[in-house]
Amino acid sequence: MKIFSENRTLGTIVLVVVALLAIPILGGLGLKIAERAAAREFASIAAKPDQHGNEIFTDTDDLIVAARAVLSEGKRLSQDGAGEFTARAEALEKAINACTREKDAIGRYLASEALILSEKQFYNLIRTGASDELNAFHSEVTSCESRMDRTYRAEYSDYINKRAELISAWPASSLAKLYNIGGAEK
């Protein structure tokens, strides 16, 4: 029986297996590190206060307050609680809670977009019987949306473009699927 160091066939097989395992592990880790660097770049820009002291978390907090006011006033106006109204109110409540729970800049930005959409759907359902207060609260949500779009949209688009560049070619695209990089979660 040959010892391991003299068995070329076994040595070649071991080398191939190690190489096949090392490529996805090291390549995937490198890809994940590059994706996290792009995310940190967005976070450093979005979480840095501007000349007015606003940043992604204070801006989304303002949005949350305005959306809660819309929800509260909408519930006050629509006491009957019809099926679609209840569904839209629950969706808005979930979106508010999801935005509140997010602790990173990208997650907060994405949750705020979902919150804005949910608030619009809720408001459009009851706008015919809207009070001046409800219209004012909705205007505040619209103002927050404009401020966030103006302030963070370009940086978020840059992040998405950098992430897409990272995973655009093979084998990076396969590794991205393996490590869940570029998925719907962010």
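Residues numbered from 1 in each chain as written. Predicted model: local features only at pLDDT ≥ 70, side-chain atom pairs only at ≥ 80, totals over all residues. Heavy atoms only, no water.

Engineer: For this particular structure, what's the right way to read the pattern of salt bridges?
Structural biologist: Opposite charge on two side chains lets them pair, provided their charged atoms get close. If you walk through the whole model with that rule in mind, you get 10 salt bridges. Between Arg147 and Asp59 there is a salt bridge; the shortest N-O distance is 3.2 Å. Here Arg147 is found in helix α5 (residues 132-166), whereas its partner Asp59 is found in helix α2 (residues 56-77), with 88 residues between them in sequence. Here Glu84 and Arg88 are joined by a salt bridge, their closest N and O atoms 3.4 Å apart. Remark: Arg88 and Glu84 occur in helix α3 (residues 83-101); sequence separation between them is four residues, near one turn of the helix. Salt bridges sharing partners connect three or more residues here, namely Asp59, Asp62 and Arg147. (Salt bridge = Lys/Arg side-chain N within 4 Å of Asp/Glu carboxyl O. Helix = DSSP H or I, 4+ residues; strand = E, 2+ residues; numbered from the N terminus.)

Engineer: Just checking my understanding: could you explain a nonpolar patch on the surface for this structure?
Structural biologist: Judged by side-chain polarity, Leu10, Val14 and Val18 come together as a nonpolar surface patch covering roughly 220 Å² of accessible area. Position of Val14 relative to the elements: it lies in helix α1 (residues 8-46). The class for Val14 is partly exposed, based on a relative accessible area of 35%. (Patch = residues over 30% accessible without salt bridge, like charges linked within 9 Å, V, L, I, M, F, W, Y side chains within 5 Å. Areas by Shrake-Rupley, 256 points an atom, 1.4 Å probe, with all protein chains shown as cover. Buried < 20%, exposed > 50% of the residue type's maximum accessible area, 1.4 Å probe, protein only.)

Engineer: Would you mind showing me how to read the packing of α3 against helix α4 (residues 105-126) here?
Structural biologist: Axis angle and axis distance: for two packed helices, these are the angle between their axes and the distance between the axes, and together they describe the pair. Relative orientation of the contacting elements α3 and α4 amounts to 160°, with a least axis distance of 8 Å. In terms of orientation, α3 lies roughly antiparallel with respect to α4. You can see that α3 and α4 cross each other, and the crossing is left-handed. Where α3 approaches α4, its residues Glu84, Phe85, Arg88, Ala89, Ala91, Leu92, Ala95, Ile96, Ala98, Cys99 and Thr100 are matched on the opposing element by Arg108, Ala111, Ser112, Ala114, Leu115, Ser118, Glu119, Gln121, Phe122, Leu125 and Ile126. For the contact of α3 with α4, the residue count by class is 14 nonpolar, four polar and four charged. (Axes fitted to C-alpha atoms, helices over the stretch in contact; angles between N-to-C directions. Parallel < 35°, antiparallel > 145°, perpendicular 65-115°, else oblique. Left-handed = near helix turned anticlockwise from the far one by under 90°. Contact = heavy atoms within 4.5 Å. Nonpolar A, V, L, I, M, F, W, Y, C, P; charged D, E, K, R; others polar.)

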